[in-house]
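Listed below are the residues making up each chain.
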Amino acid sequence: NAGVTQTPKFQVLKTGQSMTLQCAQDMNHEYMSWYRQDPGMGLRLIHYSVGAGITDQGEVPNGYNVSRSTTEDFPLRLLSAAPSQTSVYFCASSASGGVIQETQYFGPGTRLLVL
Amino acid sequence: GENVEQHPSTLSVQEGDSAVIKCTYSDSASNYFPWYKQELGKRPQLIIDIRSNVGEKKDQRIAVTLNKTAKHFSLHITETQPEDSAVYFCAAPNTGFQKLVFGTGTRLLVSP
């Protein structure tokens, strides 16, 4: 199993550009989530999904959209990139259904720089 | 919503010493408390977790203790080794148990 995969590994954007960060998992996990990691601020939840067709907002959802059309994929869309979105983005998945009490498996991360 | 505070933000120890990291949470209904380790440039990985029906859990040199009355839980690493150097994150579920709220992390440095 590949586990949780993310593409790209690194991306540079100009302010105002849009892009999609890809995330996929092959563990048949119901729960998937996106976090951003900034120095001194830990991991902050952007959006999450408890199953295909269901998404909800986390702590810092503004400027990001998600969709979950399949169990395997959970892409994160930046609508109009801003320098404040410069960060490392991690996707994670878990066997949890609606209750988060199982191990979250993280992808390798995407480092995003917005100029 | 849930708030998780983690201390200290940095911790330096000599090899062989013990290290303790403490987290407090706000929601008394929280019942699952994981700890993640993140090495430099790598992804976070679960190292140990505890559920509210036990007060302590051990796995070799790592242990976690939970005090539900005081709403805090701690990570204990004994006989530290240089490879324990990393950032450690605690977490707790929010009200509704659909999200994990992470602490801000503790950078542990173990010197030989």
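Scroll up to find the structure.
Residues numbered from 1 in each chain as written. Chains lettered and ligands numbered in written order. Predicted model: local features only at pLDDT ≥ 70, side-chain atom pairs only at ≥ 80, totals over all residues. Heavy atoms only, no water.

This part covers the side chain of B:Asp27. All names here are of chain B. Of note, aspartate 27 is situated in the loop between strand 3 (19-25) and strand 4 (32-38). A distance of 2.9 Å separates a polar side-chain atom of aspartate 27 from the backbone nitrogen of alanine 29. Filtering out sequence-adjacent residues up to four positions away, aspartate 27 remains in contact with Glu2, Lys71, Asn94 and Thr95. (Helix = DSSP H or I, 4+ residues; strand = E, 2+ residues; numbered from the N terminus. Polar contact = N/O pair within 3.5 Å; in protein donor to acceptor, adjacent residues only side chain to side chain. Contact = heavy atoms within 4.5 Å.)

Moving on, we get to the pattern of salt bridges. Two side chains that carry opposite charge are able to pair once their charged atoms sit near each other. What the rule picks out here adds up to 5 salt bridges over all chains. Note that B:Glu39 and B:Lys37 form a salt bridge whose closest N and O atoms lie 3.6 Å from each other. Assessed through its relative accessible area of 17%, B:Lys37 is described here as buried. Shared partners join several salt bridges into a network, and the residues in it are A:Arg36, A:Asp38 and A:Arg44. (Salt bridge = Lys/Arg side-chain N within 4 Å of Asp/Glu carboxyl O. Buried < 20%, exposed > 50% of the residue type's maximum accessible area, 1.4 Å probe, protein only.)

Residues and elements named next belong to chain B. Locating asparagine 94 in the fold gives a position in the loop between strand 9 (86-93) and strand 10 (100-102). One polar contact links the side chain of asparagine 94 to the main-chain amide nitrogen of glutamine 98, over a distance of 3.2 Å. When near neighbours in sequence (up to four residues on either side) are disregarded, asparagine 94 contacts Glu2, Asp27, Lys99 and Val101.

Direction of pairing for strand 4 of chain B relative to strand 5 (residues 45-51) of chain B: antiparallel, over a ladder of 6 bridges. By the bridge assignment, B:Lys37 is partnered in strand 5 of chain B with B:Gln45. (Pairing = 2+ DSSP bridges.)

Next up on the list: the sheet that holds strand 8 (residues 76-78) of chain A. All names here are of chain A. One open sheet accounts for 4 strands, arranged 1-3-8-7; its pairing is antiparallel. Here the strands that pair on one side only, and so sit at the sheet edges, are strand 1 (4-7) and strand 7 (64-66). Ignoring strand direction, the axes of neighbouring strands in this sheet form an average angle of 20 degrees. Here strand 1 runs beside strand 3 (residues 19-25); their pairing, made up of 4 bridges, is antiparallel. (Axes fitted to C-alpha atoms, helices over the stretch in contact; angles between N-to-C directions.)

Bringing the interface of chain A and chain B into the picture now. Across the boundary between the two partners, chain A contributes 24 residues, which contact 19 residues of chain B. Each partner contributes to the roughly 1,900 Å² buried at the junction of chain A and chain B, and carbon and sulfur atoms together form 52% of this total. Of all residues in chain A, the largest losses of buried area upon contact with chain B belong to A:Ile100, A:Gln101 and A:Phe106, amounting jointly to 30% of the total for that side. If you look at where chain A meets chain B, you find 0 salt bridges. Our count for the contact surface shared by chain A and chain B stands at 6 residue pairs in polar contact (both at pLDDT 80 or more). (Buried area = accessible area lost by both parts, 1.4 Å probe.)

Let us look at the sheet that holds strand 8 (residues 72-77) of chain B. Residue and element names in this part refer to chain B. As summarised here, the arrangement of the 5 strands in space is 1-3-8-7-6, forming an open sheet in which the pairing is antiparallel. Two strands in the sheet have a free side with no partner beyond their single neighbour: strand 1 (4-7) and strand 6 (56-59). Strand-to-strand twist across the sheet, computed as the mean angle between neighbouring axes with direction ignored, equals 15 degrees. Taken together, the 6 bridges between strand 3 and strand 8 define a ladder with antiparallel strand orientation. Directly across from valine 20, in strand 8, lies its bridge partner histidine 76.

This paragraph deals with the packing of aromatic side chains. Using the criterion set out here, one finds 12 aromatic pairs over all chains in the structure. When the centroid spacing of 5.9 Å and the interplanar angle of 20 degrees are considered together, the rings of A:Tyr31 and A:Tyr48 count as stacked. Placement of A:Tyr31 in strand 4 (residues 31-37) and of A:Tyr48 in strand 5 (residues 43-51) is noted, with a sequence separation of 17 residues between them. With 6.2 Å between their ring centres and 85 degrees between their planes, A:Phe90 and A:Phe106 make a pair best called edge-to-face. Here A:Phe90, found in strand 9 (residues 87-94), pairs with A:Phe106, found in strand 10 (residues 105-106); they are 16 residues apart in sequence, far enough to count as distant. For A:Phe90, a relative accessible area of 2% puts it in the buried group. By way of ring pairs, the aromatic residues A:Tyr35, A:Phe90, A:Phe106, B:Tyr36 and B:Phe102 are connected into one cluster. Positioned above the aromatic ring of A:Phe74, the side-chain terminus of A:Arg68 is 6.0 Å from the ring centre. (Phe/Tyr/Trp six-rings, centres within 6.5 Å; stacked < 30°, edge-to-face > 60°. Lys NZ or Arg CZ within 6 Å of the ring centre and 35° of its normal.)

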